[in-house]
Amino acid sequence: MNSTIQPISLFDLALAFIPVLLGLYLLFTWSLNVKQASYALLRMLLQLLMIGYVLSFIFYSDQGWLIALILVMMVVISSWIALDTIKEQRWLLLKSAIISIALGGGITLLLMTQGILKLDPWYQPKILIPLAGMMFANAMNSVSIAAERFVSELKNNNDYLVARNLALNAATIPVVNSLFAVGLVSLPGMMTGQILSGVSPLIAARYQILVMCMIFSSAIITAFIFLLLTKSTTLDNSLNNYLKKG
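Keep in mind it's a predicted model, so treat the numbers as computed, not measured.

The rules behind the values
Residues numbered from 1 in each chain as written. Predicted model: local features only at pLDDT ≥ 70, side-chain atom pairs only at ≥ 80, totals over all residues. Heavy atoms only, no water. Axes fitted to C-alpha atoms, helices over the stretch in contact; angles between N-to-C directions. Helix = DSSP H or I, 4+ residues; strand = E, 2+ residues; numbered from the N terminus. Parallel < 35°, antiparallel > 145°, perpendicular 65-115°, else oblique. Contact = heavy atoms within 4.5 Å. Nonpolar A, V, L, I, M, F, W, Y, C, P; charged D, E, K, R; others polar. Salt bridge = Lys/Arg side-chain N within 4 Å of Asp/Glu carboxyl O. Buried < 20%, exposed > 50% of the residue type's maximum accessible area, 1.4 Å probe, protein only. pLDDT = per-residue confidence, 0-100. Expected span 1.5 Å × (residues − 1). Bend = angle between axes of the 7 residues up to and from the residue. Polar contact = N/O pair within 3.5 Å; in protein donor to acceptor, adjacent residues only side chain to side chain. Core = buried A, V, L, I, M, F, W, Y, C linked by side-chain atoms within 4.5 Å. Patch = residues over 30% accessible without salt bridge, like charges linked within 9 Å, V, L, I, M, F, W, Y side chains within 5 Å. Areas by Shrake-Rupley, 256 points an atom, 1.4 Å probe, with all protein chains shown as cover.

**Some points on the packing of helix H2 (residues 17–29) against helix H3 (residues 34–58)**
And step 1. Across the interface, H2 lies against H3 with an axial gap of 9 Å and an inter-helix angle of 160°. Between H2 and H3, the angle is such that the two are roughly antiparallel. In this structure, H2 contributes Phe17, Val20, Leu24, Leu27 and Phe28 to the contact, and H3 contributes Val34, Ala37, Ser38, Leu41 and Leu45.
And step 2. Its residues assigned to classes, the contact of H2 with H3 shows nine nonpolar, one polar and no charged.

**Looking at the pattern of salt bridges**
And step 1. Under the criterion given, the structure shown has three salt bridges.
And step 2. Among the ionic pairs, Lys87 bridges to Asp84, the shortest N-O distance being 3.6 Å.
And step 3. Take Lys87: its relative accessible area is 56%, and that puts it in the exposed class.
And step 4. Measuring nitrogen to oxygen at the nearest pair gives 3.0 Å for the salt bridge that ties Arg90 to Asp84.
And step 5. Note on Asp84: relative accessible area 35%, which makes it partly exposed.

**Description of the confidence of the model for the protein**
And step 1. For the protein, per-residue confidence averages 86 on the pLDDT scale, and residues scoring 70 or more make up 92% of the total.
And step 2. In the model of the protein, helix H10 (residues 238–245) stands out as the element of lowest mean pLDDT, 66, in contrast to helix H4 (residues 64–82), which has the highest, 93.

**Observations concerning helix H7 (residues 160–181)**
And step 1. Between its first and last C-alpha atoms H7 spans 33 Å; for 22 residues at 1.5 Å apiece the expected length is 32 Å, and the two agree.
And step 2. At Ile173, H7 is bent by approximately 30°, the largest bend along its length, and proline Pro174 sits one to four residues beyond.
And step 3. Among the residues of H7, Tyr160, Ala163, Ala167, Ala170, Ala171, Thr172, Val175 and Ala181 are the ones counted as buried.
And step 4. Where H7 begins, the capping side chain belongs to Asp159, and its oxygen is found 3.3 Å from the backbone nitrogen of Leu161.
And step 5. Positive backbone phi, at 85°, marks Gly183, one or two positions downstream of H7.

**Some words on the nonpolar core**
And step 1. Among the nonpolar cores identified, the biggest contains 46 residues, and Leu83, Phe150 and Phe226 are the most heavily contacted of them.
And step 2. At the level of secondary structure, the elements contributing two or more residues to this core comprise H4, helix H5 (90–116), helix H6 (125–155), H7 and helix H9 (201–235).
And step 3. The element contributing the most residues to this core is H6, with 14 residues.
And step 4. In this structure, Phe150 is in contact with Tyr160, Ala163, Arg164, Ala167, Leu227, Thr230, Thr234 and Leu239, ignoring residues within four places of it in sequence.

**As for a nonpolar patch on the surface**
And step 1. Residues Trp65, Leu69, Met73, Ile77, Trp80, Ile81 and Trp91 make up a contiguous nonpolar surface patch of roughly 800 Å² in combined accessible area.
And step 2. Along the chain, the position of Trp65 falls in helix H4.

**A look at unusual backbone geometry**
And step 1. A cis amide bond links Asp120 to the next residue, Pro121, at an omega of 0°.
And step 2. Mapped onto the fold, Pro121 is located in the loop between H5 and H6.
And step 3. Here Lys118, not a glycine, exhibits a phi torsion of approximately 55°, which is positive.
And step 4. Residue position: Lys118 is located in the loop between H5 and H6.
And step 5. A relative accessible area of 57% places Lys118 in the exposed class.
And step 6. In this structure, Asn157 takes a positive phi of about 70° despite not being glycine.
And step 7. Counting through the fold element by element, Asn157 comes out in the loop between H6 and H7.

In structure tokens form, the structure reads like this:
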């Protein structure tokens, strides 16, 4: 198989924004939030361009403390973003989000990199950072869904146990759907990237199975820990009182 990836010129890359402009126009015709979508696209463009330069530096770094610092930053930032759907309660639940993402994503990342892949040294950035990104992003989405549903159920005057169970169930829906769809509807990013780089589809499939197992477990563990940690906030009425004031 060809082991090289065809480079993308800036002109060719610009062509990708043609359907993007169409999508924005469709939002505009129905008077939807074009500004937010445009801002998100601009953020995506700037963030990916910046991270390209940053990763070029990080991937050649041989400093374990720097990689550890980056992992901590990823946890904190993902925790903050996860609670964007409940901005008014963000500070009340931020600590729970940080702990749950650190544990839920961290446990699966540790097993993957040290137990299965056996990285040596443990901080090999070319492998650790992309995998950490997948784990923490998945954990972030799990917390985001669980938090939004949990707060919504409390606003509907459900007690903690009912809100907790419904929130955990909601958090599992995307990851379960992805398990049903993988290989039939979609080829996930990691598998696609490996195939494009010339790796055998059979080997790429093994790596993707590994990733899907880690994604599933990190989503469930993270949401479970987050909802357990919110129990103290709920029982001491700080969250409930805040919701009543709102």
